[in-house]
Amino acid sequence: MNRLAASGPLLMSDSSAVQQRILALSERLHHLNHQYYQLDISEIPDQEFDQLLAELQQLETEHPGLALANSPTQRVGGTITKQFPTAEHRYPMLSLGNTYSEDDLREFDERVQRGLEGAPYTYVCELKIDGVAMSLRYEHGQLTQGVTRGDGTRGDVVTANVRTIRTLPLALRPGPNQPEDFEVRGEVFMPLPVFAELNAEREQNGDALLANPRNAASGALKLQNSAQVAARKLRFYAYSLLTPGRHFACHSAALEALGSYGLPVSDTWRRCATITEVLDFVHQWATQRFDFPVATDGIVIKVDDLRQQDQLGYTAKSPRWAIAYKYPAEAARTRLNEVLYNVGRTGAVTPVAVLTPVALAGTVVKRATLHNANQIELLDLRLGDLVYVEKGGEIIPKITGVDLSARPAEAVPIVYPTACPACGTALVRPEGEAHFRCPNERGCPPQLKARLEHYISRKALNIDGLGAETVGRFFDLGLVTTPADIYELPARRAELVTMERMGQKSIDNLLAGIEASQQVPFPRVLFGLGIRYVGETVAQKLAAHYRTIDALRAASAEEMAAVPEVGSVIAVAASEWFQQPENQRELERLRQAGVQLEVTGEAPVPASDRLVGLTFVLSGVFEQHSRDELQQLIISNGGKITGSISKKLSYLVAGENMGPAKREKALGFKVPIISETELMVLLPGPGEAPAVGSAMAAPLPGPGQQSLLL
Ligand code: IVH
């Protein structure tokens, strides 16, 4: 740490000085992460932390060979994995026997007692976290591998993704009896507040909601871009330590040791001397778990002594020394009175069940989601049925079944509407989608209203003095239909004054808010336009890349798809949106109204102009840099990225596992195929940018020539 404090600007030409600085920064950042995430201590302000991280990131980009495998920069991700390799588990990942009854727990205890032939024993009780099982390998204190459960014998290697879990040490702290090479098993999960935030964001963006935190965690772990995984804020709790030999006498000692190595272990576990104490623990958490910020679905009970565990052994599927008690899913039975159909911002129709109010898991449930038409059919629902509603890990209650024995004779089958319940337009169901949609984008009132609400929402234009309710009233009165109409309100002051609950003061506030919204930066305006799939992050990426709405409008879907974090589905949706004349007119009106349609301020200074006039396609998985980094490097040196190979393309940059079709095509068009290393040769090295065409660039084939190196 002192080394860091003392270090002035380093002359980074000396690779051992760089290496030392990388080591010192990594050590310091590992330490700060441990303090922050394990001990809740902020030693330095966030900004300073970010500066240290940025410095390390830069050094690693400039000297990829010196980057440490477990660098703290791994937390922010950036690795792209096209397909996860699989690995065999050194110790199979078994599951636990489940029970929902206390009698079964007593029987389990009797079996343990018999198995141990009367010897004294104790239990450890832990919360059963409802996430995704993960096996981590630590060698010489370094995290070297993360593998999912898979089929219990082989799982997916998702190391880059688990490295983004902030509470997980990439390097262990020394601790008692630390094995040189061991595995830690535990649960990767998404904390409930993070899950709620993610779903709120998805709702705002018009995306389908995630059913529960477990699905959210498992979906996140399967993402190919670890930077996106990092954004999902996953967490991990360790619950067992596996080594070839025995390092600890009992499970509780292993849990304590894991904690002392810096691994996150939930401090909710308890030693229980008897089955009565176990049942007390089970009862205590039956309600307390609702205040815990992590989804739990039960309690895991384990015999503490490891020799006794061996003595009890395993059945084919699960250990005889442990059992999972599962809390019954919180369910209630109530009547289905009506089905309403909600039309969202993107026209998606979602059926909502209107129920006779019923108490469930601490709240009164009046409505439940029915997801889509398939769900209604699957459940064979009729109006008037008595239905089961569950809350489980889900935030929104759902209907899980029908009590057919209580079906009233007068129950009426539900007829899914074929026309939009709001505007009467025939519904369509795009191929591959579960939802029916109302295609009347320009005339369907709930869609128009939802788009206005989105435009004024906090993360978009955030117009002070104009809330969802007021904009809804304006819409109903025909004062505003699209966002651009909002900017005509100042001219309609006379009409506003005649409105109920619209005093001079609220009008002043409203008009001031509208004026202030002209200063809202372009990325938020772009988000506010409500283009399908263009959420906050995508809007930021597109705005940063194209800088003006005109440049963005002129871009083809293919070009947009090459921008980091913008996939082809998003790109096609955005490009179609810009082609519609109504949207072009709307943009023109917004421009007239003084809304920001370009990034203000200086354009970022390019690192060099070495790549001006050159276009690149990146394909495959890269070793030294993430795809995002390579794209940024190309752009900041004046080059352009595109998605498809044509004869005009300057270079195809090939990583590992590049598709054979791309290769063929490039060869056909005589486009040079270069490697990641060769691309680096095209770029200026650290320090002064050499002039274009200098000796450094000479060994590479020029555009139009075949690579000699590949
Ligand atoms: S012990 C031999 N402890 O529950 C099995 N599992 O079937 C050892 N789980 O998917 C598992 N919390 O990932 C254990 N405290 C805990 C747990 C736990 C959640 C998961 C586990 C597996 C399932 C058990």
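Residues numbered from 1 in each chain as written. Predicted model: local features only at pLDDT ≥ 70, side-chain atom pairs only at ≥ 80, totals over all residues. Heavy atoms only, no water.

On to the site of the ligand. Taken together, 13 residues lie near the ligand, and L96, E126, E187, Y239 and K302 sit nearest. In the environment of the ligand, a nitrogen atom lies 2.7 Å from a nitrogen or oxygen atom belonging to the side chain of E126. Sorting the residues of the shell around the ligand by element identifies β3 (123–129) and β10 (296–303) as the ones contributing at least two each. By residue number, the principal contributor to the shell around the ligand is β3, which donates 4 residues. Split into classes, the residues belonging to the shell around the ligand amount to 8 nonpolar, 1 polar and 4 charged. (Near = heavy atom within 4 Å. Polar contact = N/O pair within 3.5 Å; in protein donor to acceptor, adjacent residues only side chain to side chain. Helix = DSSP H or I, 4+ residues; strand = E, 2+ residues; numbered from the N terminus. Nonpolar A, V, L, I, M, F, W, Y, C, P; charged D, E, K, R; others polar.)

Our focus in this paragraph is the sheet that holds strand β4 (residues 132–139). Taken together, the 4 strands give an open sheet; going across it, the order is β5-β4-β7-β8, and neighbouring strands pair in antiparallel fashion. Looking at which strands have only one partner, the edges of the open sheet turn out to be β5 (142–148) and β8 (235–242). With strand direction ignored, the average angle separating the axes of adjacent strands in the sheet is 30°. With 6 bridges joining them, β4 and β5 adopt antiparallel strand pairing. Note on β5: the bridge partner recorded for S135 is V147. Packed on one face of the sheet, helix α7 (residues 213–221) meets β4 and β7 (181–189) and runs near 45° to β4. (Pairing = 2+ DSSP bridges. Axes fitted to C-alpha atoms, helices over the stretch in contact; angles between N-to-C directions. Contact = heavy atoms within 4.5 Å.)

Here we take up the sheet that holds strand β22 (residues 651–654). Read across the sheet, 4 strands follow the order β21-β20-β22-β23 without closing on themselves; strand pairing throughout is parallel. Strand pairing shows two members of the sheet lacking a second neighbour, β21 (640–641) and β23 (673–675), which therefore form its edges. Judged from the 4 bridges that link them, strand β20 (residues 615–619) and β22 form a sheet pairing that is parallel. Paired with S619 across the two strands is A654, which belongs to β22. Sitting on the sheet, helix α24 (residues 627–636) is in contact with β20 and β21, with an inclination near 175° to β20. This element, helix α25 (residues 660–668), spans β20, β22 and β23 of the sheet and lies at about 125° to β23.

Along the polypeptide, Q35 turns up in helix α2 (residues 15–39). Among the polar contacts listed, one links the side chain of Q35 to the side chain of E43, at a separation of 3.2 Å. If we skip the residues at most four places from it in the chain, Q35 touches D40, I41 and E43.

Attention now goes to the confidence of the model for the protein chain. Mean pLDDT over the protein chain works out to 87, with 93% of the residues at or above the 70 mark. Note on residues 1–9: pLDDT under 50 across the span, and 10 contacts to partners over four residues away in sequence or across chains. (pLDDT = per-residue confidence, 0-100.)

Here we come to helix α3 (residues 46–62). Between the first and last C-alpha of α3 there are 24 Å, a value that for 17 residues agrees with the 24 Å anticipated at 1.5 Å per step. Among the residues making up α3, those that are buried are F49, L52, L53, L56, L59 and E60. All buried residues of α3 lie within an arc of 120° about the axis, which places them on one face of the element. Exposed residues pointing more than 90 degrees away from the buried face of α3 are listed as Q47 and Q51. At its buried positions, α3 is contacted by α2. (Expected span 1.5 Å × (residues − 1). Buried < 20%, exposed > 50% of the residue type's maximum accessible area, 1.4 Å probe, protein only. Arc of directions from axis to C-beta.)

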